[in-house]
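# Architecture and fold: a report
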Amino acid sequence: MPADTLAASPEAVRGPASQQAVDASEQQIADLLAFWRDAGAKGLWFEKNEDFDRRFRQGYEDLHFKAAAREFDSWMTSPDGALALLILTDQFPRNSFRGTAQMYATDPLALHYAREAQRLGYMQQVAPELRSFFILPFMHSEELGDQDLCVMLARDLPEATRHHAAEHRRIVHLYGRFPHRNAILLRESTAEEVAFLEQGGFSG
């Protein structure tokens, strides 16, 4: 085997086209995370803000649908890439498709990425203020086992996150699902759920 083959760089082995694809993905991840950090600094992560929702949708709708089509599975090779996937599959639809069933369409995929990210220990490898996004797919799940895991993972996160985790788990424990989703998902509410919703319920 020629010596120059042994010394070839990863970029040379991948080839120019492959390296360009890697560079493009890294730039997409960096751009999305910069946008998301800026939104957090402005207190917009969990606010119902039409202007923010519009900018989020216009800037990243194409990436969301590509992520939904599993075109970015390779992003799971890094903590930042995993975080970007979670934002695109868990947070993006909640901002961009408010009030529609499409809000929840990629929740199963977000759960898949969240489980893989936990297996790889990624949550502890990002800035503390971003770690909550690694557990939100579990918080949004209607499976009690996922809710239990969310509460456990939230133990070292801020008090507000721990509170929301406990509240989500309480509701799934009581009703087996989130009653406020029933109308959007064409599910019939039980009498207990109707009473819960009439008393203010929960819409997180």
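Relevant structure appears above.
Below is a summary of the structure that appears in this document. (Residues numbered from 1 in each chain as written. Predicted model: local features only at pLDDT ≥ 70, side-chain atom pairs only at ≥ 80, totals over all residues. Heavy atoms only, no water.)

## A word on the overall build of the protein
Our working definition: Counting from the N terminus, the helices are the DSSP runs of H or I reaching at least four residues and the strands are the DSSP runs of E reaching at least two. Each residue's exposure class comes from its accessible area (1.4 Å probe, protein chains only) as a fraction of the maximum for that residue type: buried when under 20%, exposed when over 50%, partly exposed otherwise. In what follows, residue pairs with any heavy atoms lying within 4.5 Å of each other are defined as contacts. Note on areas: Shrake-Rupley with a 1.4 Å probe; residue coverage comes only from the protein chains shown. Just so you know, the count uses Lys and Arg for positive and Asp and Glu for negative, and it drops His and the chain ends. We put the charge of a Lys on NZ, of an Arg on CZ, of an Asp on CG and of a Glu on CD.
Broken down by element type, the protein carries 10 helices and zero strands. Overall, the protein is about 75 × 35 × 30 Å in size when its C-alpha atoms are taken along their principal axes. Out of the 204 residues in the protein, the part that is buried amounts to 41%. At a minimum sequence separation of 6, the contacts of the protein that also span at least 24 residues come to 59%. Carbon and sulfur atoms form 54% of the exposed surface of the protein, whose accessible area is close to 11000 Å². Side chains of the protein give 21 positive and 30 negative charges; the mean places of these two sets differ by 2 Å.

## Here's the deal with the packing of helix H5 (residues 79-96) against helix H6 (residues 107-119)
Which entries qualify depends on this criterion: Convention adopted: a line fitted to C-alpha atoms gives each axis, helices being fitted over their contacting stretch, and angles between N-to-C directions are expressed from 0 to 180 degrees. Comment on the angle field: the value is read as roughly parallel under 35 degrees, roughly antiparallel over 145, roughly perpendicular from 65 to 115, and oblique elsewhere. Two helices crossing with the near one rotated counterclockwise from the far one by less than a right angle form a left-handed crossing, whereas a clockwise rotation gives a right-handed crossing. Residues are grouped as follows: Ala, Val, Leu, Ile, Met, Phe, Trp, Tyr, Cys and Pro are nonpolar; Asp, Glu, Lys and Arg are charged; all remaining types, including Gly, are polar.
The N-to-C vectors of H5 and H6 enclose an angle of 150°; their axes lie 9 Å apart at closest approach. As summarised for this structure, H5 and H6 are arranged roughly antiparallel, according to the angle between their axes. In the crossing of H5 with H6, the sense of the turn from one axis to the other is left-handed. Across the interface between the two elements, Ala82, Leu85, Leu86, Thr89, Asp90 and Arg94 from H5 touch Asp107, Leu109, Ala110, Tyr113, Ala114 and Ala117 from H6. Class assignment of the residues belonging to the contact of H5 with H6 gives a composition of eight nonpolar, one polar and three charged.

## Digging into the nonpolar core
Keep this limit in mind: Put simply, buried Ala, Val, Leu, Ile, Met, Phe, Trp, Tyr and Cys residues joined by side-chain atoms within 4.5 Å make one nonpolar core.
Ranked by internal contacts, the top residues of the largest apolar core, which has 47 residues, are Trp36, Phe56, Tyr60, Phe134 and Ile135. Counting only elements with at least two residues in this core, the list comes to helix H3 (16-41), helix H4 (50-68), H5, H6, helix H7 (136-139) and helix H8 (144-153). Among the elements that make up this core, the one with the highest residue count is H5 (eight residues). Setting aside chain neighbours within four positions, we find Phe56 in contact with Leu32, Phe35, Trp36, Glu61, Ile87, Gln91, Phe92, Asn95 and Ser96. With five residues, the next largest nonpolar core counts Ile171, Val172, Phe196 and Phe202 among its residues.

## Things to note about unusual backbone geometry
A positive phi is found at Arg70, a non-glycine position, where the angle reads about 65°. Mapping Arg70 onto the fold places it in the loop between H4 and H5. Judged by its relative accessible area of 41%, Arg70 falls in the partly exposed class. If you check the backbone angles, Leu186 has positive phi at about 60° while not being a glycine. Relative to the helices and strands, Leu186 resides in the loop between helix H9 (159-175) and helix H10 (191-198). Judged by relative accessible area, Leu186 falls into the exposed class, the value being 79%.

## Observations regarding the environment of Gly99
Within the secondary structure layout, Gly99 lies in the loop between H5 and H6. Of the residues examined, Gly99 reaches a relative accessible area of 57% and is grouped as exposed. The sequence separation of Gly99 and Phe178 amounts to 79 residues, and the corresponding C-alpha distance is 14 Å.

## Focus on the side chain of Asp90
Put simply, the test is: Think of a polar contact as two N or O atoms within 3.5 Å of one another; within protein, one of them needs to be a possible hydrogen donor and the other a possible acceptor, and neighboring residues in sequence only count if both atoms come from side chains.
Note that Asp90 resides in helix H5. You can call Asp90 buried: its relative accessible area is 1%. Side chain to side chain, Asp90 and His140 meet in a polar contact 2.9 Å long. Sequence-distant contacts of Asp90, that is, excluding residues within four places in its chain, are made with Asp107, Ala110, Leu136, Pro137 and His140.

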